[in-house]
Amino acid sequence: MQTDINPAVRAMTQQAQAAYSQWLGQEPWDLLLTLTDPGFPHPENMEKRTRYFMNRLNSHHYGKRWYKRTNGIEYVIAFEYQKRGSLHTHSLIRIPAVDVSDPAQFALEDWHKFSNTLGGHAKLEIPRDQQHTMDYVTKYTCKGGDLVFSKGLNPHKPRTYARTLIGSGTLQ
């Protein structure tokens, strides 16, 4: 732990992290995807791998041309630089109208296996504690990381089941 950080700066960082956590945690997230590359990938490379995974999820759940009918899944990609200098990502994923804990609706083990084909190491899991997950993902943003949001994500106007493609026939 760094001891040379000004206490005021530390307090502001903690407040920023808490605000990020509260902002992103307005609705629960379904999945947490962590990608780690053993090398030193460019941030764009890691983002493309993650977006490829998201696109496959969208195609599977909403059809091949999902982007013409819906905003699809919602996600946030958080970039973390490890001490050794390598990049690592954590992605929060929300799949509207899909119960990821129901094997008939979502094959977690199969998607975990697929995530491991993206290069490096991957871990796909259902968050056990939403607040802990929010805090874990956002702390790296306050340490110089970055957040990337899916096109359809608007934490100020969360989507409900009735506003998904499946719930009403159109996505608002």
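See the structure above.
Residues numbered from 1 in each chain as written. Predicted model: local features only at pLDDT ≥ 70, side-chain atom pairs only at ≥ 80, totals over all residues. Heavy atoms only, no water.

### Quick notes on helix α4 (residues 130-139)
What counts is decided by this rule: Any residue under 20% of the maximum accessible area for its type is buried, any over 50% is exposed, and the rest in between are partly exposed; the area is computed with a 1.4 Å probe on protein chains only. Labels follow the DSSP assignment, with helices taken as runs of H or I lasting at least four residues and strands as runs of E lasting at least two, numbered in each case from the N terminus. Here the arc refers to the directions that run from the helix axis out to each C-beta atom. When checking whether two residues touch, look at their non-hydrogen atoms; a contact exists if any pair is within 4.5 Å. Pairing of N or O atoms within 3.5 Å defines a polar contact, subject to two protein rules: one partner must be a possible hydrogen donor and the other a possible acceptor, and residues neighboring in sequence count only if both atoms are side-chain atoms.
Those residues of α4 that sit buried are Thr 133, Met 134, Val 137 and Thr 138. One side of α4 holds all its buried residues, which, seen down the axis, span an arc of 115 degrees. In this fold, the buried residues of α4 make contact with α1 (7-24), β1 (31-36), β2 (74-81) and β3 (87-94). In this structure Asp 129 caps α4, since a side-chain oxygen of it lies 3.1 Å from the backbone nitrogen of Gln 131.

### Let's talk about the packing of aromatic side chains
For the record, the criterion: Think of it this way: a Phe, Tyr or Trp ring, Trp meaning its six-membered ring, pairs with another when their centres are within 6.5 Å, and the plane angle makes it stacked under 30 degrees, edge-to-face over 60, tilted otherwise. In our convention, an over-ring charge means Lys NZ or Arg CZ found within 6 Å of a ring centre and within 35 degrees of that ring's normal.
Applying the stated rule across the entire model yields five aromatic pairs. Ring geometry for Phe 53 and Phe 114: centres 5.9 Å apart, planes at 20 degrees, overall stacked. One end of the pair, Phe 53, is in helix α2 (residues 43-62); the other, Phe 114, is in helix α3 (residues 108-115), and 61 residues separate them in sequence. In this structure Phe 53 comes out as buried when scored by relative accessible area, which is 0%. Cluster of aromatic residues (ring-pair linked, three or more members): Tyr 52, Phe 53, Phe 106, Trp 111 and Phe 114. When the ring centre of Trp 29 is taken as origin, the NZ or CZ atom of Arg 94, which lies over that ring, is 3.8 Å away.

### A word on the nonpolar core
Quick note on the threshold: We call a set of buried residues a nonpolar core when its members are Ala, Val, Leu, Ile, Met, Phe, Trp, Tyr or Cys and they connect through side-chain atoms within 4.5 Å of each other.
If you look at the biggest cluster of nonpolar residues, it comprises 25 residues, and the most contacted ones within it are Phe 53, Leu 57, Ile 73, Ile 93, Ile 95 and Phe 106. Residue assignment for this core shows that the elements contributing at least two residues are β1, α2, β2, β3, α3 and β4 (121-125). Tallying contributions element by element places α2 first for this core, with five residues. Aside from chain neighbours lying at most four places away, what touches Ile 93 is Trp 29, Asp 30, Leu 31, Leu 33, Phe 53, Met 54, Leu 57, Ile 73, Glu 74 and Tyr 75. Counting residues in hydrophobic clusters, the runner-up holds 10 residues, among them Leu 24, Ala 78, Leu 92 and Leu 147.

### Some words on α3
Three or more residues of α3 are buried, namely Trp 111, Phe 114 and Ser 115. One side of α3 carries all its buried residues, which in axial view fall inside an arc of 100 degrees. Tucked into the core, α3 has its buried residues touching β1, α2 and β4.

### Focus: the layout of surface pockets
We apply this condition: With a 1 Å grid spanning the protein atoms alone, the term cavity applies to any set of points in which a 1.4 Å probe fits but cannot get out, the term pocket to an open set with protein on both sides within 12 Å along at least five of seven lines, and the term lining residue to any residue with an atom within 4 Å of a point. Grid points are joined across faces, edges and corners, and a volume is the space filled by probe spheres set on the points.
Here the second largest pocket defines a volume of roughly 220 Å³. For the second largest pocket, the lining is made up of 13 residues, of which Asn 58, Trp 66, Asn 71, Lys 151 and Gly 152 are closest to its centre. Counting residues per element, the lining of the second largest pocket draws most heavily on α2, which supplies four residues.

### Details of the packing of α2 against α3
As a reminder of what qualifies: Angles shown run from 0 to 180 degrees and are taken between the N-to-C directions of axes, each axis being a line fitted to C-alpha atoms and, for helices, limited to the stretch in contact. Crossing chirality is assigned from the near helix's rotation relative to the far helix, an anticlockwise turn below a right angle marking it left-handed and a clockwise turn marking it right-handed. Classes in brief: Ala, Val, Leu, Ile, Met, Phe, Trp, Tyr, Cys and Pro nonpolar; Asp, Glu, Lys and Arg charged; the others, Gly included, polar.
The interhelical angle for the contact between α2 and α3, taken along N-to-C directions, is 145 degrees, at an axis separation of 11 Å. In the crossing of α2 with α3, the sense of the turn from one axis to the other is right-handed. Residues Tyr 52, Phe 53, Arg 56, Leu 57 and His 60 of α2 form the contact with α3, whose participating residues are Trp 111, Phe 114 and Ser 115. Split into classes, the residues belonging to the contact of α2 with α3 amount to five nonpolar, two polar and one charged.

### Things to note about the sheet that holds β4
Backbone hydrogen bonds hold the strands of a sheet together, and the pairing may be parallel or antiparallel. To be explicit about the condition: Strands were regarded as paired on the criterion that DSSP finds at least two bridges between them.
Read across the sheet, five strands follow the order β4-β1-β3-β2-β5 without closing on themselves; strand pairing throughout is antiparallel. Among the strands making up the open sheet, the edge pair consists of β4 and β5 (146-149). Neighbour to neighbour, the strand axes of the sheet diverge by 15 degrees on average, direction disregarded. Bridging between β2 and β5 involves four bridges; their strand directions are antiparallel.

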